[in-house]
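Observations on chain architecture
The lines below spell out each chain.
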Amino acid sequence: MADATLDATVGHVDPNDTSSLQTMELTVNGQTHTLTLEPNVVLLDALRERLNLTGAKKGCDHGQCGACTVLIDGRAMNSCLLLAALAEGQEITTIEGLADEDGTLHPIQQAFLEHDAYQCGYCTAGQMMMATSILNDKDIAKDPASIKEAMSGNICRCGAYKNILDAVQSAHRTIEGA
Amino acid sequence: MSETLNTQKPRIDGALKLSGGADYTADINLDGQLYGYPVGSAIASGELEGLELEEALGMPGVVDIFHHDNFDSTLKHSPNSFAEKNTVSEPRLPFEDTTIHYHGQYIALVVADTFEHARAAAQNVKGKYRANDQVTSQLDELDADNVAGLPGVLQEGDGQSRGEADAAYENAEVTLDHHYSIATETHAAMELHASTATWSGDHLTVYESTQGVVFQRHALSHVFSMPPEQINVISHFIGSGFGGKLFMWPHAIMTAVASRRLKRPVKTVVPRQSVFTSAGSRPRSMQRVRLGARADGTLTSIRHDGSNETAFVGMHNDTVISATPSMYACENVAVTNRVGEVNHGMPCPMRAPGEAPGLFALETAMDELAWQLEMDPVELRKKNFAERDPASDLPWSSNHLIECWDNAAKRFGWENRTAEIGAMREGDEIIGYGMASQSWEAMRLQCSARVTFLADGRLQVSCGTQDIGTGTYTIVAQTASELSGVPIEDIDVRLGDSSLPSGPLSGGSFATATVLPAVKAALDAATQALIDKVTQDGQAFSDVDSESIELNDRALTYGDRSIPVTTLLEELGIGQVTAEASAEPGDEKNDYSFRSFGAVFVEVRWDPGISRLKVERIVSTIDIGRAINPMTARNQVEGGLVMGLGMALFEQTEYDKSGYLYNANLADYIVPVHADIPPIDVELLDYPDYHLNAFGARGVGEIGLTGIAAAISNAVYHATGKRIRDLPISIERLLMAN
Amino acid sequence: MQSFELIRPESVKDAIGAQSERSAYIGGGTTLVDLMKLGVMQPDHVVDTNRLGLDEIEVLDDGRLKIGARVSNSRLATDARVERDYPVLSQALLSGASTGLRNMATTAGNVMQRTRCPYFRDPAKPCNKREPGTGCSAMDGINRNHAVLGTSEHCIATHPSDMCVAMAAIGATVVVEGRKGTREIPFEDFHLLPGDHPEREHDLRSDELITHVVLDAPLEGAVSTYLKLRDRASYEFALASCAAIVTLEGTKVTAARIALGGVATKPWRAVDAEAALVGEDATAKMFEQVALLAFQRAIPLEHNAFKVELGQQAIARALRDAVQQASQGEHQ
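Analysis parameters
- Residues numbered from 1 in each chain as written.
- Chains lettered and ligands numbered in written order.
- Predicted model: local features only at pLDDT ≥ 70, side-chain atom pairs only at ≥ 80, totals over all residues.
- Heavy atoms only, no water.
- UniProt positions renumbered as here; feature names shortened; annotations may be inferred.
- Helix = DSSP H or I, 4+ residues; strand = E, 2+ residues; numbered from the N terminus.
- Contact = heavy atoms within 4.5 Å.
- Domains from an automatic or database assignment.
- Pairing = 2+ DSSP bridges.
- Axes fitted to C-alpha atoms, helices over the stretch in contact; angles between N-to-C directions.
- Buried < 20%, exposed > 50% of the residue type's maximum accessible area, 1.4 Å probe, protein only.
- Polar contact = N/O pair within 3.5 Å; in protein donor to acceptor, adjacent residues only side chain to side chain.
- Buried area = accessible area lost by both parts, 1.4 Å probe.
- Salt bridge = Lys/Arg side-chain N within 4 Å of Asp/Glu carboxyl O.
- Nonpolar A, V, L, I, M, F, W, Y, C, P; charged D, E, K, R; others polar.

The residues that UniProt annotates with the feature "domain: Aldehyde oxidase/xanthine dehydrogenase a/b hammerhead" (unreviewed entry) are residues 19-133 of chain B. Along residues 19-133 of chain B the backbone is 11% helical and 30% strand, and the end-to-end C-alpha distance reaches 53 Å.

This paragraph deals with the side chain of His67 of chain B. By secondary structure assignment, the location of His67 of chain B is in strand β3 (residues 62-67). If near-sequence neighbours (up to four positions away) are discounted, His67 of chain B is found in contact with Leu51, Leu53, Phe95, Ile107 and Ala108 of chain B.

What the domain assignment reports for chain C is domain 1 (1-47) and domain 2 (223-331). Each of domain 1 of chain C and domain 2 of chain C has a C-alpha centre, and the two are 37 Å apart.

This part is about the sheet that holds strand β4 (residues 57-59) of chain C. Residues and elements named next belong to chain C. Pairing is antiparallel in the open sheet, where five strands are placed in the order β4-β5-β8-β6-β7. Since the sheet does not close on itself, it has two edges, and those belong to β4 and β7 (181-186), each with one partner. Going across the sheet, the axis of each strand differs from the next one's by a mean of 20°, ignoring polarity. With six bridges connecting them, strand β6 (residues 172-178) and β7 associate as antiparallel partners. Note that in β7 the partner of Val175 across the bridge is Glu184. Contacts from helix α9 (residues 163-170) reach β5 (65-68), β6 and β8 (209-215), with the element oriented near 55° to β8.

Spatially, four strands are ordered β9-β10-β11-β12 (chain C) in an open sheet, and the strand pairing comes out antiparallel. The open sheet has two edge strands, β9 (223-229) and β12 (268-269) of chain C, and neither has a second partner.

Quick look at the environment of Thr99 of chain B now. All names here are of chain B. As for its position among the elements, Thr99 is in strand β4 (residues 99-100). On the basis of relative accessible area, Thr99 is assigned to the partly exposed category, the value being 27%. Linking Thr99 and Trp199, residues 100 residues apart in sequence, is a C-alpha distance of 30 Å. Leaving out residues up to four positions away in the same chain, Thr99 has contacts with Gly46, Glu47, Arg92 and Gln105. Separated by 2.9 Å, the side chains of Thr99 and Glu47 make a polar contact.

Next up on the list: the interface of chain A and chain B. Of the residues lining the interface, 48 residues belong to chain A; the matching set on chain B comes to 58 residues. Counting the surface lost from both chain A and chain B, the interface buries some 4,400 Å², and carbon and sulfur atoms represent 54% of this. Broken down residue by residue, the surface that chain A buries against chain B is led by Gln119, Arg157 and Tyr161 of chain A, which jointly contribute 20%. Connecting chain A to chain B are eight salt bridges. Between Arg119 of chain B and Asp61 of chain A there is a salt bridge whose closest N-O contact spans 3.6 Å. Counting across the chain A and chain B interface gives 32 residue pairs in polar contact (both at pLDDT 80 or more). Only α2 (43-50), α3 (107-114), α4 (124-135), α5 (144-150) and α6 (161-177) of chain A provide two or more residues apiece to the side of chain A that touches chain B. Of the residues belonging to the side of chain A that touches chain B, the class tally is 17 nonpolar, 16 polar and 15 charged.

On to the interface of chain C and chain A, then. Between chain C and chain A, the contact holds 39 residues from the first and 39 residues from the second. Linking chain C with chain A are one salt bridge. The closest approach of N and O atoms between Lys37 of chain C and Asp61 of chain A, which form a salt bridge, is 2.7 Å. Summed over the shared surface of chain C and chain A, the number is 15 residue pairs in polar contact (both at pLDDT 80 or more). No other element matches helix α6 (residues 99-104) of chain C, which puts five residues into the side of chain C that touches chain A.

If you want it as structure tokens, here you go:
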């Protein structure tokens, strides 16, 4: 049983082929994509270079900036450090999937627009995905200091932090009031 | 001007940025594209004797590796002229020779079918080096008494010196003489530099993360000996640059060469480490400030000697003394700046170049003088307010610095300050107040734009400038809407494409003052083109003197007659009317001096028991002329203040003794994060500067970053009694200082 | 990042069977993927632990808390039992990394976290930890972030974890499973001092897998705090940190656990300071005195000398803050 399990989960590995391609199914924004990738492809590059979902950004590639933040089963994670293969079977949500299907902006997007919570816009998807995760997380308090602490893994070099905080608080009020 | 200008408008590109739809350079994926991945030198000084390539060349997906021995020998240097708009950052061509001048200097570009293959192969390209024993890792301290003793080139202050500064200093009742230094900083824009090149016959298209599509087009035309018309540079969205993307870097040339050789599009996203080593920095600067004053605080002498490091591969004068001659009324001023070479990557302008480092030194020195004189620092500055620009002896176009000082002091509650050091306490914390003046020169350049009336009622405005996050798309739309009556949502703004009419760099806070007059000129020209058509025989206004017709609220009007532009286009049976026009500054620079000013006040909290310093709040009042969009303008100032907080407390690009760039990543190069951000109160005064342009706007990108570091250092002194003259004000500096 | 084979076993036994000299386990990947991208770790086989279960937190009969290897840092930090019985651990976890990384990072992965020394993280630079015998670049290079305690002439790299500092103070056991069976390793013995072999970082054999970390039963009536000092307010490794756990009888200290981060080559128990504190009055002056003891054998270098004083400050303040909770508790 043990050996059989191993073989089954490895996929088709040709011992002579170091590239060891694997076929996997990634569910992104509710849609399932079948991809054949080498194991060393991280989710961020799979999204951007294979699926052309370029909303998640590469700012450091090492978990040091937060621009690549996406939701995995609703929780924010740094997609640059997540092997794509390990995301199989989980619900991946990117910025492209945040708004309603009819185009109605998510409250966090609407708040970012109204509060000018960005400048260049490059970290913005990551900021909004993190904010979405935080607002859904019962373990994170929603006072300004707690939000700032919880958002600190998302660097905004333009320094639009004040407006981002205002937007997150505003979105929180909208969501709570709804 | 009322409804659309000087009004808070959400960004017109907001929906794209908030949905992931904005196409930044690295987001563009072309059919058949290959991936470039650069390899940087492991040493900082020496010779590259060879490369181990065999293993990498045999790895999966590798198409080719470019390096010194196989690179394009037909490339030429760009003349590197700002006036001719072909400036490059690093004058040396990539792989030009085998001399290593700095850690991270590109020694190869691996090109492969996927990003992962390119990266894996790049890790297996190894350089064989002959390292020099001598590495110039950093310049020694500025030799204060003998500036001529320093290596490098002495830059005298552009004739900005006046009077007899040394003699006045000797005779001054009160004097002060201090040295200041600021660590190398890196722009660290969130977007990695990126370039995608694709050739179609002899036409080159480059998607680039750049603050200057026109500059890069011209530079590429020299490098590749091609007419500019055969080159197009596109940068629709830029993940900001802060100066680091003003001018072309070698990765763009490497990528274009690879694409030409391989006959496929090549996309190179520069890894973060290489962005640090090989795509610019604000160079380390050392400054000496000598002030002479009368006992009543009147400045009698200012001597400001600066120096900055540059690279062996190119000269960058960071002009840290640039603001000094204009800041205060003082009869005797002398400024110099000296530049010396080190084994670092090429420095370049970084947000508020000159002013940000220079005003740290000058405004800290002013605070020190206030303490010596036992004067209130605000009063000392007021005492020396310059009624005209003392450097040029021209009147200011508009100067409300006194109101900035007063308003900011009031908003801050400066009157609650207890002057005594360390006297204000709360729990474990000692409270410090500090302030400084802020300033940035206002500039305007030549610019062209195109405006097109479309049959469906929409208006298209095009200009070969960029929006790096400052809000250029939006203020162009606001301006066109204001002038034409077309609602802002019906205006299409096209930027970031060098095939559009030539526009300015997005830098230096001059884009707004430069672009908006061109938009107006182009709209006027397009309106005139329409009028010319509708005043011809048989047309709607054939009976009217064309000069009497006006564009009002989307219609041409003459007396009571008003016909919508869409109707006119339909009657004319044409889909559109378009015109291009240019605008340039006149001779107003001969009549006025243009400068923005501001005042910034800071409260810090110092917990000596755990050596913890934090900025508690920031208040800034800024006079930037008119803000076209106060929402995006205020955001700019706030962003500058945040970057200044980083400059003051955290940021330093560190090179070890071997010239190795130690912290080339965003975990070890410390920038402010959410948790560092205190309440920030920015007030924008609203005094339109119509001498500079018809919109009264002077630009806003830089000024927030000036003065703030000094205000923080001054507040630190007030709290701790420790005068830290070296940035960043790190924990160890606070711990070790007496 | 070089190519590798990804193995996804569904039992601990299979995971151990798949392990070899050239393989690495992956949990959240926040260390491994980072270091693979840098070329610092280049395993031929990556063995995924995400299908192994090991994600439970349970209280054992003897009052200890057994934490599955795969429990994420976020979940551990916000677990009600951890918040109640081990607040110092919760605080330490929440002071580390970022929300996104904590959602990914696992308990075992954090135990196995590797140093942030930039010279270690660059394969182009000599480093005894990465390539034994090549030398230490940090010794004469920039060593601001490096250790002053537990160093050797071969390595001064700091252990980066916050979680481990809290666990060192609490007391814990690392449970590992290998081909020869299960072993329980006391937490203080798990991480190794660099000595002559900085490449050996822990007492884990190549076939062994961490399955659990078991925390000692909480000290009755203890007060505690985790204090982390760094340049910016968040999202940065510690320059100095202290986990302090104290029990009091009246004003006298009856037990003390002091562990340090950011200043040492492994999660560091300040045993001399602890011993000196027990039986003494809990005063600020006493805290400062014992803090000095903790750094008696510190070896500062060119750029990190300030960590001696900063570390002492961290101890004194952490003890004070912990004890203040006790006095506030009395007043309630």
